[in-house]
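The chain contents come next:
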Amino acid sequence: MNFARSHILVCGGTGCTSSQSPKIMEEFEVQLAKRGLSDEAKVILTGCFGLCALGPIVVVYPEGAFYSNVKVSDVAEIVEEHILKGRIVERLLYHEKKSNEIVHSLNDTEFYKKQKRIALRNCGVINPENIDEYIAFDGYQALATCLTERTPQEVIDIISASGLRGRGGAGFPTGTKWSFAAREKGPVKYVCCNADEGDPGAFMDRSVLEGDPHSVIEAMAIAGYAIGASQGYIYVRAEYPIAVKRLQIAIDQAKEYGFLGEHIFDTDFSFDLEIRLGAGAFVCGEETALMTSIEGHRGEPRPRPPYPAVKGLFGKPTILNNVETLANIPWILQNGPEKFAEMGTEKSKGTKVFALGGKITNTGLVEIPMGTTLREIVEDIGGGVPNGKKFKAAQTGGPSGGCIPASLIDTPIDYESLAQIGSMMGSGGLIIMDEDNCMVDIARFFLDFTVDESCGKCAPCRIGTRRLREILDKIVSGKGTMEDLDLLEELCYHLKSNSLCALGQTAPNPVLSTLRYFRDEYEAHVKEHRCPAGVCKALLHYVIDPEKCKGCTACSRVCPVDAISGEVKKAHVIDTDKCIKCGACIEKCRFDAIKKQ
Amino acid sequence: MKSIAELKEIREQMQSRINMRKEEDEGIRVVVGMATCGIAAGARPVLATFVDEIGRRNLQDVTVSQTGCIGVCRLEPIVEIYEPGKEKVTYVKMDPEKAARVVSEHLVNHRVVEEYTIGAAE
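Figured I'd write up the structure that's included with this text. Remember, it's a predicted structure, so these values are computed and weren't measured experimentally.

Attention shifts here to the packing of helix α6 (residues 141-149) of chain A against helix α13 (residues 323-335) of chain A. All names here are of chain A. Between α6 and α13, the shortest axis-to-axis distance is 9 Å and the interhelical angle comes to 65°. Here α6 runs over α13; the crossing is left-handed. Along the contact surface, α6 presents Q141, A142, T145 and C146, while α13 presents P330, L333 and Q334. Along the lines of polarity and charge, the residues of the contact of α6 with α13 split into four nonpolar, three polar and no charged.

As structure tokens, this is what we get:
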């Protein structure tokens with residue numbers, strides 16, 4: 001790559017790719033060529049910037065101008081005005097939601113200001129398909145230093161000192177995990193990367209793999225050196241085609257440069273890496289099921305102990321680390337464990353990446369220092385709940401996690417605080433809910449997921465999740481009793497204590513935490529046969545306000561089951577027995593006279 | 001297979017290519033006036049010369065960008081050079097030959113080419 005005065009970075013993450021970013025890149029090339037600027041400005045594919053809600057994203061350096069919602073038709077204007085004449089196209093710049101201020105640079109946005117990007121340090125900055133760019137941002141330096149200047153034990157000590165804990169959700173100290181595997185006898189040991197990201201709404205790992213695959217490869221080689229392994233596997237779900245492709249390109253480049261293979265940096269250390277594709281079973285994100293799947297068997301968990309560090313993949317000592325955990329490793333070794341430990345809280349060091357979704361203005365990917373409060377994430381970084389609605393709860397940890405109610409919005413986000421209030425860190429899905437979400441319905445949604453994804457090996461999970469869902473079905477259809485609530489709770493504790501793996505042990509969490517914080521909603525469903533949020537269809541009634549009804553007959557004409565009757569110019573009435581709650585009448589009514597109750 | 005020395009070499013070579021994307025951008029900024037007046041007076045070949053020369057010499061920590069009309073259109077093409085901790089230098093009535101000399105004297109050897117500056121022209 002020659003020197004170019006301007007770099008046009010186009011997001012190639014999955015979100016932006018699905019909103020036409022490849023076409024935008026092509027158009028940039030065409031427009032630059034048309035004006036003879038192809039040598040002066042380079043178009044560069046990059047990973048996720050985080051503000052997925054505003055995609056496709058284009059950032060132009062050296063100004064760092066941050067363009068959002070870019071369309072193919074806008075490209076000519078950006079080239080003509082910005083690249084040729086040096087005038088930033090204000091129209092396409094990011095507008096701050098609160099102040100409506102126009103923001104020129106990415107780092108000045110409210111969304112970025114409170115973030116601290118460690119695991120995502122290269123996402124949206126480098127071209128993930130070019131190993132030289134990774135090297136320019138200090139890539140493979142940590143591996144070189146480890147192999148030539150440090151003993152395996154020293155590497156483990158640095159990771160331990162940093163206080164890094166597993167980012168997959170459970171939060172086990174990474175250095176400790178490595179030291180367990182290191183003290184086992186070789187010669188054959190394995191390093192595995194868990195990239196089987198399965199929580200609904202979570203896409204942190206995907207973004208790291210798409211935006212900075214080399215950081216994971218480098219970290220795995222370092223892990224191999226630390227524990228004495230010479231073979232690694234990345235287990236990634238086949239539903240992430242872009243991540244798989246970039247990972248394969250990165251592995252091939254690393255092999256070509258000799259950062260993977262025999263005698264890396266002329267030392268005695270050799271390390272090879274292969275990708276294994278998961279076929280989409282949620283349970284394969286559980287470590288023992290993941291290893292069973294790599295071995296070529298059906299992905300089912302097995303009891304622990306023995307732990308993988310003792311007897312893991314193919315019966316050999318194995319470490320499994322999550323993608324985000326690994327992405328932190330080269331940074332820690334380059335910058336020192338103290339610098340990492342400076343961030344975060346006493347027991348939770350560093351940063352955590354969250355995929356922000358649901359009822360929030362800035363849907364996307366954020367990385368925050370541990371200990372940041374939920375309020376800061378929702379209100380400052382996330383830009384608040386849209387449409388003037390009120391924040392009701394946040395769901396962390398997907399189907400294994402729980403809800404944080406509005407009353408606990410000032411809870412600092414770290415492993416201990418979240419566990420204390422009955423939720424969990426989880427892998428990083430953070431779903432925001434407003435007053436229109438029914439908490440019973442949310443619990444049932446997650447149980448639906450675990451019922452589908454339970455592998456069926458152990459009875460508590462296979463049968464227990466189904467029974468839980470049956471009770472919830474009863475409640476949302478208005479047929480539940482108060483005894484059902486007690487039964488629900490009791491069954492939850494049975495599942496927690498008797499299931500074989502984490503899938504079953506954590507499956508009741510969404511139910512337990514909603515029962516804990518939103519018991520009034522459950523009781524409203526049972527006692528009053530009412531859904532306060534107006535979600536559960538069976539409990540809804542459509543009624544016409546006789547004050548507002550003008551008797552125009554529009555509703556009775558559109559009703560497919562003839563449930564609405566009344567004379568012209570007189571208030572109409574809905575027969576709730578006949579009504580199928582299709583909502584057609586509400587859409588037709590011009591006087592806002594029909595309400596859901 | 002790459003040795004550590006080669007890794008270092010790639011890193012250094014790449015530095016000048018990606019520097020503009022680093023957060024702590026403390027390098028030299030070359031800003032060329034590229035409004036209608038600047039372009040009409042010949043700013044494009046001046047800009048191109050800066051880009052070529054900087055690339056050829058593999059200079060670190062230098063970015064080239066454009067700006068709008070500085071206000072003294074009669075002195076275009078105007079080039080301003082910002083160095084951290086130093087006063088901004090404004091060169092006027094530039095052409096490609098002058099640009100090449102500014103690169104070698106100012107950007108490489110940190111000697112201001114007095115005769116091209118706005119003070120000398122006025």
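What follows covers the packing of helix α18 (residues 459-476) of chain A against helix α19 (residues 482-498) of chain A. Residues and elements named next belong to chain A. Between α18 and α19, whose axes approach to 10 Å, the crossing angle comes to 160°. Taken together, the axis directions place α18 and α19 in an arrangement best described as roughly antiparallel. In this structure, α18 meets α19 at a crossing whose hand is left-handed. In this structure, α18 uses P460, G464, T465, R467, L468, I471, L472, K474 and I475 to contact α19, whose residues at the interface are D484, L485, L487, L488, L491, C492, L495 and N498. Split into classes, the residues belonging to the contact of α18 with α19 amount to 11 nonpolar, three polar and three charged.

This paragraph deals with the pairing of strand β9 (residues 272-278) of chain A. All names here are of chain A. Here seven bridges tie strand β8 (residues 231-237) to β9, and the two strands are oriented parallel to one another. In the strand pairing of β9, G232 is matched with L273. A crossover connection joins β8 to the parallel β9 through helix α11 (residues 241-257); in handedness this β-α-β unit is right-handed.

Residues and elements named next belong to chain A. Tallied over the entire structure, the rule returns 14 aromatic pairs over all chains. Both rings, one in F66 and one in Y94, keep their centres 5.8 Å apart while their planes meet at 70°; by these two values the pair is edge-to-face. Of this pair, F66 sits in strand β4 (residues 65-67) while Y94 sits in strand β5 (residues 94-95), placing them 28 residues apart in sequence. Assessed through its relative accessible area of 0%, F66 is described here as buried.

For the rest of this paragraph, the subject is the sheet that holds strand β15 (residues 429-434) of chain A. All names here are of chain A. The sheet built from five strands is open, its strands ordered β12-β11-β15-β13-β14 with mixed pairing. Sheet topology places β12 (364-369) and β14 (402-405) at the edges, where each strand pairs with a single neighbour. Between one strand and the next, the sheet's axes are offset by a mean angle of 30°, whatever the strand orientation. Where strand β13 (residues 391-396) and β15 come together, five bridges link them in antiparallel fashion. Within β15, the position partnered with A393 by the bridge is M433.

Turning to the interface of chain A and chain B, a few remarks are in order. Quoted interface sizes are often the accessible area lost when the parts come together. Counting residues at the interface gives 41 residues for chain A, matched by 30 residues for chain B. Considering only the side of chain A, the residues that lose the most area to chain B are F3, R5 and A136 of chain A, jointly responsible for 23% of the buried surface there. In this structure, R11 of chain B engages D138 of chain A in a salt bridge whose closest nitrogen and oxygen atoms are separated by 2.7 Å. The interface formed by chain A and chain B includes six residue pairs in polar contact (both at pLDDT 80 or more). At the level of elements, β1 (6-11), α3 (75-84), α5 (131-136) and α6 of chain A are the ones that each hand at least two residues to the side of chain A that touches chain B. Here the element with the most residues in the side of chain A that touches chain B is α5 of chain A; it accounts for four residues. Of the residues contributing to the side of chain A that touches chain B, the split by class is 20 nonpolar, 12 polar and nine charged.

Time to look at helix α15 (residues 374-381) of chain A. All names here are of chain A. Those residues of α15 not exposed but buried are L374, I377, V378 and I381. Seen along its axis, α15 keeps its buried residues to an arc of 125°; they face one direction. Packed against the buried residues of α15 are α4 (110-113), β11 (351-358), β12, β13, β14 and β15. Of the residues one or two after α15, G383 is the one with positive phi, at around 75°.

Conventions and cut-offs
- Residues numbered from 1 in each chain as written.
- Chains lettered and ligands numbered in written order.
- Predicted model: local features only at pLDDT ≥ 70, side-chain atom pairs only at ≥ 80, totals over all residues.
- Heavy atoms only, no water.
- Axes fitted to C-alpha atoms, helices over the stretch in contact; angles between N-to-C directions.
- Helix = DSSP H or I, 4+ residues; strand = E, 2+ residues; numbered from the N terminus.
- Left-handed = near helix turned anticlockwise from the far one by under 90°.
- Contact = heavy atoms within 4.5 Å.
- Nonpolar A, V, L, I, M, F, W, Y, C, P; charged D, E, K, R; others polar.
- Parallel < 35°, antiparallel > 145°, perpendicular 65-115°, else oblique.
- Pairing = 2+ DSSP bridges.
- Right-handed = clockwise from strand over helix to strand, strands pointing away.
- Phe/Tyr/Trp six-rings, centres within 6.5 Å; stacked < 30°, edge-to-face > 60°.
- Buried < 20%, exposed > 50% of the residue type's maximum accessible area, 1.4 Å probe, protein only.
- Buried area = accessible area lost by both parts, 1.4 Å probe.
- Salt bridge = Lys/Arg side-chain N within 4 Å of Asp/Glu carboxyl O.
- Polar contact = N/O pair within 3.5 Å; in protein donor to acceptor, adjacent residues only side chain to side chain.
- Arc of directions from axis to C-beta.

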